Amino acid sequence: GNVRELENVIERAIIFSSGSSLTVDNLIPKEHKPTHDRYRLKSENTGLSLKSGEKFLIQRALQEADGNITKAAKTLGITRATMYRKIKAYGI
């Protein structure tokens, strides 16, 4: 299942890329990208682990959405089901 999913992601990236090489931007569909820059961690060293950074962004999105999980998930570019899983995993 994971290999098939990876194949589909790469195939889609090749189809929609405009250049001769693929970048990270080609691999993430537009509908799954965060809608606001404030929900992206900067690439420079933030001192946060991936899990800490993800938890921070989820908490921030929930706070700004006044606890509305659907709205926060949409803002982050993830599904509501994923948001529920992350909330449970991080004990938010």
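Anything mentioned here points back to the structure above.
It should be emphasised that the depicted structure is a prediction, and the values quoted were computed from it without experimental measurement.

*Asks:* Please clarify how the overall build of the protein chain should be interpreted in this entry.
*Replies:* In terms of regular secondary structure, the protein chain is built from five helices and zero strands. Taking all 92 residues of the protein chain together, the buried fraction comes to 21%. Counting contacts in the protein chain only where the partners sit at least 6 residues apart, residues at least 24 apart contribute 41% of the total. With the model as given, the accessible surface of the protein chain reaches about 7,200 Å², and the carbon-plus-sulfur share is 53%.

*Asks:* Would you explain the environment of Ile69 in this entry?
*Replies:* With respect to the helices and strands, Ile69 occurs in helix α4 (residues 69–76). Taking C-alpha positions, Ile69 is 9.6 Å from Ile58, a pair spaced 11 residues apart along the chain. Excluding anything up to four places from it in sequence, Ile69 contacts Leu62, Arg80, Met83, Tyr84 and Ile87.

*Asks:* What should I look at first to understand the nonpolar core in this one?
*Replies:* In terms of nonpolar packing, the biggest core is built from 12 residues, these being Leu57, Ile58, Ala61, Leu62, Ala65, Ile69, Ala72, Ala73, Leu76, Met83, Ile87 and Tyr90. Secondary structure elements with two or more residues in this core: α3 (50–64), α4 and α5 (80–90). Non-local contacts of Met83, meaning those with residues more than four positions away in its chain, are made with Ile58, Leu62, Ile69, Ala72, Ala73, Leu76 and Ile78.

*Asks:* Looking at this structure, I do not really get the pattern of salt bridges. What am I missing?
*Replies:* Pairs may arise between side chains of opposite charge once their charged atoms sit close together. Scanning the entire structure with this criterion turns up one salt bridge. Between Glu54 and Lys86 there is a salt bridge, with the nearest N and O atoms lying 3.1 Å from each other. With Glu54 in helix α3 and Lys86 in helix α5, the pair connects residues that are 32 residues apart, well separated along the chain.

*Asks:* Where do I start with the packing of α3 against α4 in this structure?
*Replies:* Think of two packed helices as two axes; the pair is described by the angle between the axes and how far apart they sit. For the pair α3 and α4, interaxial distance at closest approach is 8 Å and the crossing angle is 125°. By the angle between their directions, the pair α3 and α4 is classed as oblique. For α3 against α4, the interelement crossing comes out right-handed. Residues Leu57, Ile58, Ala61 and Leu62 of α3 lie in contact with α4, whose contacting residues are Ile69, Ala72 and Leu76. Classifying every residue of the contact of α3 with α4 gives seven nonpolar, no polar and no charged.

*Asks:* Is there a simple way to explain the side chain of Thr82 in this structure?
*Replies:* With respect to the helices, strands and loops of the structure, Thr82 is situated in helix α5. There is a polar contact of 2.9 Å between the side chain of Thr82 and the side chain of Thr79.

Reading the values: rules and limits
Residues numbered from 1 in each chain as written. Predicted model: local features only at pLDDT ≥ 70, side-chain atom pairs only at ≥ 80, totals over all residues. Heavy atoms only, no water. Helix = DSSP H or I, 4+ residues; strand = E, 2+ residues; numbered from the N terminus. Buried < 20%, exposed > 50% of the residue type's maximum accessible area, 1.4 Å probe, protein only. Contact = heavy atoms within 4.5 Å. Areas by Shrake-Rupley, 256 points an atom, 1.4 Å probe, with all protein chains shown as cover. Core = buried A, V, L, I, M, F, W, Y, C linked by side-chain atoms within 4.5 Å. Salt bridge = Lys/Arg side-chain N within 4 Å of Asp/Glu carboxyl O. Axes fitted to C-alpha atoms, helices over the stretch in contact; angles between N-to-C directions. Parallel < 35°, antiparallel > 145°, perpendicular 65-115°, else oblique. Left-handed = near helix turned anticlockwise from the far one by under 90°. Nonpolar A, V, L, I, M, F, W, Y, C, P; charged D, E, K, R; others polar. Polar contact = N/O pair within 3.5 Å; in protein donor to acceptor, adjacent residues only side chain to side chain.

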